[in-house]
Structure formats: structure tokens, C-alpha cells
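Descriptive analysis of the structure
What follows is each chain in one-letter form.
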Amino acid sequence: MYFFRQTTGSCQHEPKHKHKCDHYKEVIFEPKHMSLHLEGKKTLAPYQIKDMKVKWLCWDIDSYNDVPQDQIEKQTRAIAKEVYELFGPNHCLVERSGSKGYHVWVFFSTLLNVEKAFALGHQLAQKVPPIPDINIEVYPKQRAEKVFGNTVKLPLGVHQKTKQRCLFVNGSFEPRTDQWEALTNVREVDAEWVEENIEVIPWEQTPTREYIPYTPQCLEDIMHDGADEGLRDEGAFRLASYLQKKGIPYDLGHTMLEKWNEKNHPPLDTHVLDQKAYQGYLGT
């Protein structure tokens, strides 16, 4: 499982290093980590990109406002329908995210160039008529080099905020009877076909619909209250992006994010916060 990049430890220097120091250690992913995830004791959220390639694509359908659940399900069903029409039946899995949103997963037969996965994800998302206050976010979000991308929690874990299990669902949005069977039987999308048939999106034509920023009230709530585990990475990226769009200089914005991070439960590691700040300001 090449895409896991975990670290342990924290900087003990005074003042603390702004970037990763030798007090951080790389953690090798082992079966015991997966067991902790499936038992709900720890939720794993892997970085997606390595060497500009990915093995999966995910659409995250959710809303940060009071939107009827059936509308979120309508958008989720529409994404799944686009996958069905392009690749045929059983080429994606729909998963309840542990809150009111859903993930739609596609797995590739081999490693795929990240730009092709990015283009495929946006191509299908743009075919879905928008519904106000519902976001469709495409993972991978990045195409830039030297980044690991954003994280998405692995299926079948427990949402740390709601404590609800994330489960694969059927067409009626009811949990599937056999979760392992659903995962085992899903068909992989032919990566070679995607390479040959999906055109890379020029930077200037990159769709922006998925990146609808949080409403100011939501931003105020996040800044005031901090974020729980599972929301911190996304919160840091969104806040950094918001500060950049408001013309706040990077150094000042980074200081503001550090103060915000002190309110998180628990705070992000310093090197993760640095990465999210950089990505938010860079727009990747």
C-alpha cells in the first residue's frame, strides 16, 4: 500500500522547527494499522499521490449547510450514474462517509498518471447539474509535482467526530449486506483506457465548481472553535486558500494558521500544517 506516509513524534526544539526535523520518524504501514482502523480505534486517511501517480479516484459529495439528505443522495447517485455510463456496471463503490455525505470510489487496474485521474474526475463531476450548497470535491485535487495530495479516510472506518461507521451502500443508500463482498467484487477501471482516452485539463481551464469555499460563517466557526480529527487537514487547506484570496501575505497567514491550530482537537503536526498552508496559498 504505497500511498501511506505516516509519521510519529514531534519537534522538541525551542523554538520549534517550522519544518520536519529529525524528531519525526516515518512509520511503516503494517497490518496492525489496518486492524486499528477497522476496529474504529484509529481512523487512517492516506495521502493519495506518489511519483505523480494514483491508484484510486474519489468524489466527496457533502454540504456544510442545512441541505435535505435526499438532495445529497441525488448528487451522489448522479456521479455513480456517470461512472456507470462510461465504464459499465459495478465500476464504483458508494460509501456513506460517516456523516451526511458520501464518497464515490473508483479503483484503477494499475497506477495512473495523476493528471489523467484529475481530468477524469472533473469531467464526470461537470456533467452533474449543480444543486445549491452541495459540494462535489474530486480527489486527487492536485496536479503539481512534489506534493502528496490531500487525504481521504479509508473505507469501513469510523468517523471520529460522529462515531459512525463508514459503510458501502446500495442503490437505496442502505448498507450493503456484505461489506467485504462489495469491496472484493468491484471492478477496476482500465488505467490504460483512461490514459488513451481522457484529455489532460489545461491549468487555465481547470473547473472551479468543486472548490466552493466555506461560507463566512463556517469560516468564523472553524477559526473560533478549531477542528476535530478528520476535519483539520481540509480546514487548514480551506483557511489558507481563503486567506490567500483575501490578499493576506503568506507569512502573516501562516502565523494565523498556527494560532488556529492551537485550538484543534488535537493540533496538526507542524509539518502537516506547513504543507496545507503552502498548498492553500499555491492553489493546489
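The following paragraphs examine the structure supplied in this document. For every chain, the first residue of its written sequence is number 1, and the numbers climb from 1 along that sequence. Where totals are concerned, whole chains, interfaces and linings use all residues; where local detail is concerned, this predicted model gives features only for residues with pLDDT of at least 70, and gives and counts side-chain atom pairs only at 80 or more. Values reported for side chains reflect all heavy atoms of the structure, with hydrogen atoms and water molecules removed beforehand.

As for the packing of aromatic side chains
Here a pair means two rings of Phe, Tyr or Trp (six-membered ring of Trp) with centres within 6.5 Å. Their orientation is stacked below 30 degrees between planes, edge-to-face above 60, and tilted elsewhere. Counted under the stated rule, the structure contains four aromatic pairs. When the ring of Trp105 is compared with that of Phe107, the centres are 6.1 Å apart and the planes differ by 5 degrees; the resulting orientation is stacked. By the burial criterion, Trp105 is buried, and Phe107 matches it. Members of the aromatic cluster, connected to one another through ring pairs, are Trp56, Trp105 and Phe107. Buried residues are those whose accessible area, probed at 1.4 Å on protein chains only, stays under 20% of the maximum for their type, while exposed residues exceed 50% and partly exposed ones sit between those limits.

Here's the deal with the pattern of salt bridges
Side-chain pairs of opposite charge can arise where the charged atoms are in close proximity. Should a side-chain nitrogen of Lys or Arg be within 4 Å of a carboxyl oxygen of Asp or Glu, the pair is scored as a salt bridge. Applying the stated criterion to the full structure yields seven salt bridges. Put simply, Lys41 and Glu39 hold a salt bridge, and the shortest N to O gap is 3.3 Å. The closest approach of N and O atoms between Arg238 and Glu234, which form a salt bridge, is 3.1 Å. Here Arg238 pairs with Glu234, and both are found in helix α7 (residues 232-245), just four residues apart, close to one helical turn. We count a stretch as a helix when DSSP gives it H or I for four or more residues in a row; a strand needs E for two or more, and each element gets its number in order from the N terminus.

With respect to the packing of α7 against helix α9 (residues 270-282)
Only the contacting stretch of a helix is used when fitting its axis, a line to C-alpha atoms as for every element, and angles between N-to-C directions run 0 to 180 degrees. Contact pair α7 / α9: the axes reach a minimum separation of 7 Å and the direction vectors enclose 40 degrees. With respect to their mutual orientation, α7 and α9 come out oblique. Handedness of the crossing formed by α7 with α9: right-handed. For the pair α7 and α9, contact is made by Asp233, Ala236, Phe237, Ala240, Ser241, Leu243 and Gln244 and by Val272, Leu273, Lys276, Ala277, Gln279, Gly280 and Tyr281, respectively. Residue polarity follows a fixed list, in which Ala, Val, Leu, Ile, Met, Phe, Trp, Tyr, Cys and Pro are nonpolar, Asp, Glu, Lys and Arg are charged, and the others, Gly among them, are polar. Its residues assigned to classes, the contact of α7 with α9 shows eight nonpolar, four polar and two charged. If an angle is under 35 degrees, it is roughly parallel; if it is over 145, roughly antiparallel; if it lies from 65 to 115, roughly perpendicular; otherwise it is oblique. What makes a crossing left-handed is the near helix being turned counterclockwise from the far one by less than a right angle; a clockwise turn instead makes it right-handed. In what follows, residue pairs with any heavy atoms lying within 4.5 Å of each other are defined as contacts.

Notes on the pairing of strand β6 (residues 135-139)
Two faces belong to every sheet, and in a regular strand the side chains alternate between them. The buried fraction of β6 amounts to five of the five residues, a majority that puts the element mostly inside the structure. Where burial is concerned, the two faces of β6 agree: the one with Asn135, Glu137 and Tyr139 and the one with Ile136 and Val138 are both buried. At least two bridges found by DSSP between two strands are what make those strands a pair. In the sheet, strand β3 (residues 53-62) pairs with β6 via five bridges, with the strands oriented antiparallel. Looking at the pairing, Asp62 lines up with Asn135 of β6.

Looking at the environment of Leu183
The topology assignment puts Leu183 in helix α4 (residues 179-185). Leu183 sits in the partly exposed class, given a relative accessible area of 31%. Along the sequence, Leu183 and Leu93 sit 90 residues apart, while their C-alpha atoms lie 7.7 Å from each other.

Considering the pairing of strand β5 (residues 102-113)
Relative to β5, β3 is paired through eight bridges, and the arrangement is antiparallel. Residue pairing across strands places Ile61 opposite Tyr102, the latter belonging to β5. Both strand β4 (residues 93-96) and β5 contribute to a ladder of four bridges, which runs antiparallel. In the sheet register, Arg96 faces β5, and the bridge partner there is Tyr102. What sits between β4 and β5 in their antiparallel hairpin is a turn of five residues, with Gly98 showing a positive phi close to 100 degrees.

Some points on the packing of helix α8 (residues 250-261) against α9
In contact at an axis separation of 10 Å, α8 and α9 are set at 135 degrees when each is read in the N-to-C sense. Of the possible angle classes, the one that applies to α8 and α9 is oblique. When you trace α8 past α9, the crossing you get is right-handed. Contacts from Tyr250, Gly253, His254, Leu257, Glu258, Trp260 and Asn261 in α8 reach Leu273, Asp274, Ala277, Tyr278 and Tyr281 in α9. Looking at the contact of α8 with α9 residue by residue, the class counts come to seven nonpolar, three polar and two charged.

Fair warning: the whole summary comes from geometry, so function is off the table for now.
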